[in-house]
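Report on the structure
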Amino acid sequence: MRSRDTKISVLLRSPFSLSGRPRLIAVGAFIAAVAFLPSPGVALRPVIDRFEAVPDCIFADPRRGILSYMVTLAARIRIAAIEETCFPFGPCVTRTRGFYDERGGFPSRVATRIADPGANANVVGYELVATGEDGTVARQRLDFRYRRAVFDLLPPVAHFQGSGPEPRETRYESDANLVNVSSLTCSFQFDRPIEGEAGRVGTARIFEVGNGNLWVSCFVLWRSDAKARAGGTVEWTARVRDGCTQGRISRSARVNAIR
């Protein structure tokens, strides 16, 4: 029984009661363990390991999950949209719109497919703010662009011939979906040259027909009845306010001849 008691007493001894090399090893391990214990007076700052989004230049969709993150040592995680509204001949106003507020996790919290319920074309970025237990904050901004401009023709395209004297005015018209279009040009090309002429640049106009319904026209002055009645292809080119579409969108449509 004495030998067993002796072994137990050795195991329960303080590392400082040992001697020689065992004592040095035990003291080192003890100090290392104490050093890594969390101290009431020491707080660990939250870390944003990842904050990402799907490729930008998409149409704004409040139901599509576009954001993801991984945050370490955060008590609270918030995400806000940064919106910029520019007024004609005036300044641009920036505002922050919060839409995501969740508790953090230990040691990390991961979330994916986060949607912005207020997604709109004025969003220029998103910001994630991670707050630690003691109030320390980590921030990261993510630039993001939504596609602003839309220009689509809604066929069929109508063909109208003027009844006045020469030169004859001809109109090519179509319902259209236009958003953030600043100007419009048009042209018309015959299926094959007529009297040595392949086509001509026209005058484009945008009309609103109640309840936000839009249609576009291309006016061309032809100097012969054959040209005014001929079929071909009409093309409209819209200059748009959108960095995602290189500034222009072109749409073309087939136009039947007038019999």
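Positions within a chain are numbered from 1, following the residues in the order the chain's sequence is written. At least 70 in pLDDT is required for a residue's local features to be given in this predicted model, at least 80 for side-chain atom pairs to be given and counted, and no such filter applies to totals for whole chains, interfaces and linings, which use all residues. The side-chain numbers reported here are obtained from all heavy atoms of the structure, hydrogens and water having been left aside.

With that out of the way, let us pick up the overall build of the protein. Helix and strand assignments come from DSSP, with helices taken as H or I runs of at least 4 residues and strands as E runs of at least 2, each series counted from the N terminus. Each helix and strand counted, the protein has three helices and 14 strands in total. Expressed as a percentage of its 259 residues, the buried residues of the protein come to 33%. Residue contacts are counted whenever heavy atoms from the two residues lie within 4.5 Å of one another. Taking the intrachain contacts of the protein between residues at least 6 apart in sequence as the baseline, contacts between residues at least 24 apart amount to 60%. Entry remark: accessible area of the protein is about 16,200 Å², with carbon and sulfur atoms responsible for 54%. Relative accessibility decides the category of a residue: with a 1.4 Å probe and only protein chains considered, values under 20% of the type maximum give buried, values over 50% give exposed, and everything between is partly exposed. Using a 1.4 Å probe, the Shrake-Rupley method yields the accessible areas, and only the shown protein chains count as cover for residues.

Two strands form a pair only when DSSP identifies at least two bridges running between them. If you trace the seven strands from one edge of the open sheet to the other, you get 8-9-12-11-10-13-14, paired in antiparallel fashion. Pairing within the sheet leaves two strands with one partner each, and these edge strands are strand 8 (150–161) and strand 14 (248–255). When the angles between neighbouring strand axes are averaged without regard to direction, this sheet yields 25°. By the bridge criterion, nine bridges tie strand 9 (residues 168–179) to strand 12 (residues 214–222) in an arrangement that is antiparallel. Across the sheet, Glu-173 pairs through a bridge with Ser-217, a residue of strand 12. Simply put, an axis is a line fit to the C-alpha atoms, just over the touching stretch for a helix, and the angle between two N-to-C directions goes from 0 to 180 degrees.

The next subject is the pattern of salt bridges. Close approach of charged atoms lets side chains of opposite charge pair. We define a salt bridge as a contact between a side-chain nitrogen of Lys or Arg and a carboxyl oxygen of Asp or Glu at a distance within 4 Å. If you walk through the whole model with that rule in mind, you get 18 salt bridges. Asp-225 is the salt-bridge partner of Arg-168, the closest N and O atoms lying 3.7 Å from each other. Of the two residues, Arg-168 is situated in strand 9 and Asp-225 in helix 3 (residues 225–229); the sequence distance between them amounts to 57 residues. For the salt bridge of Arg-254 with Asp-191, the shortest nitrogen-to-oxygen distance reads 2.7 Å. Here Arg-254 is found in strand 14, whereas its partner Asp-191 is found in strand 10 (residues 181–194), with 63 residues between them in sequence.

Attention now moves to the packing of aromatic side chains. Paired rings are identified among Phe, Tyr and Trp, the last through its six-membered ring, by centres lying within 6.5 Å, and are further divided according to the angle between planes into stacked (under 30 degrees), edge-to-face (over 60) and tilted (the rest). Scanning the model with the defined rule gives nine aromatic pairs in all. Between Phe-99 and Tyr-126 the ring centres are 5.9 Å apart and the planes differ by 80°, which places this aromatic pair in the edge-to-face class. In this pair, Phe-99 sits in strand 4 (residues 92–103) while Tyr-126 sits in strand 6 (residues 123–131), placing the two residues 27 residues apart along the sequence. Relative accessible area serves as the criterion here: at 0%, Tyr-126 is assigned to the buried category.

The strands that make up a sheet pair up through hydrogen bonds in the backbone, lying either parallel or antiparallel. Taken in spatial order, the four strands make up an open sheet running 4-3-6-7, and their pairing is antiparallel. Each edge of the open sheet is held by one strand with a lone partner, namely strand 4 and strand 7 (137–143). Each strand of the sheet is rotated relative to its neighbour by a mean of 20°, with strand direction disregarded. Inspection of the sheet shows strand 3 (residues 76–86) paired to strand 4 by eleven bridges, in the antiparallel sense. Bridging across to strand 4, Ala-80 finds its partner in Gly-98.

Turning to the nonpolar core, a few remarks are in order. Nonpolar cores are built from buried Ala, Val, Leu, Ile, Met, Phe, Trp, Tyr and Cys residues. Side-chain atoms within 4.5 Å join them into one set. In this structure, Phe-151, Tyr-172, Phe-188, Val-234 and Trp-236 are the most contacted members of the largest nonpolar core, which totals 27 residues. Of all the elements in the fold, those that place two or more residues in this core are strand 8, strand 9, strand 10, strand 12, strand 13 (232–240) and strand 14. Aside from chain neighbours lying at most four places away, what touches Tyr-172 is Val-157, Ala-158, His-159, Phe-188, Val-216, Ser-217, Cys-218, Val-220, Trp-222, Val-234, Trp-236 and Val-255. Core analysis: the second largest hydrophobic core is formed by 23 residues, Ala-74, Ala-111, Leu-128 and Leu-142 among them.

Our focus in this paragraph is the environment of Arg-259. Within the fold, Arg-259 resides in the segment after strand 14. Expressed as a C-alpha distance, the spacing of Arg-259 and Ala-230, which sit 29 residues apart in the sequence, is 8.7 Å.

In the predicted model, the protein carries a mean pLDDT of 85, and the fraction of residues at 70 or more is 81%. This stretch, residues 1–18, has a pLDDT under 50; its non-local contacts, to residues over four places away or in other chains, come to nine contacts. pLDDT is a per-residue confidence score from the predictor, ranging from 0 to 100. This stretch, residues 30–41, has a pLDDT under 50; its non-local contacts, to residues over four places away or in other chains, come to two contacts.

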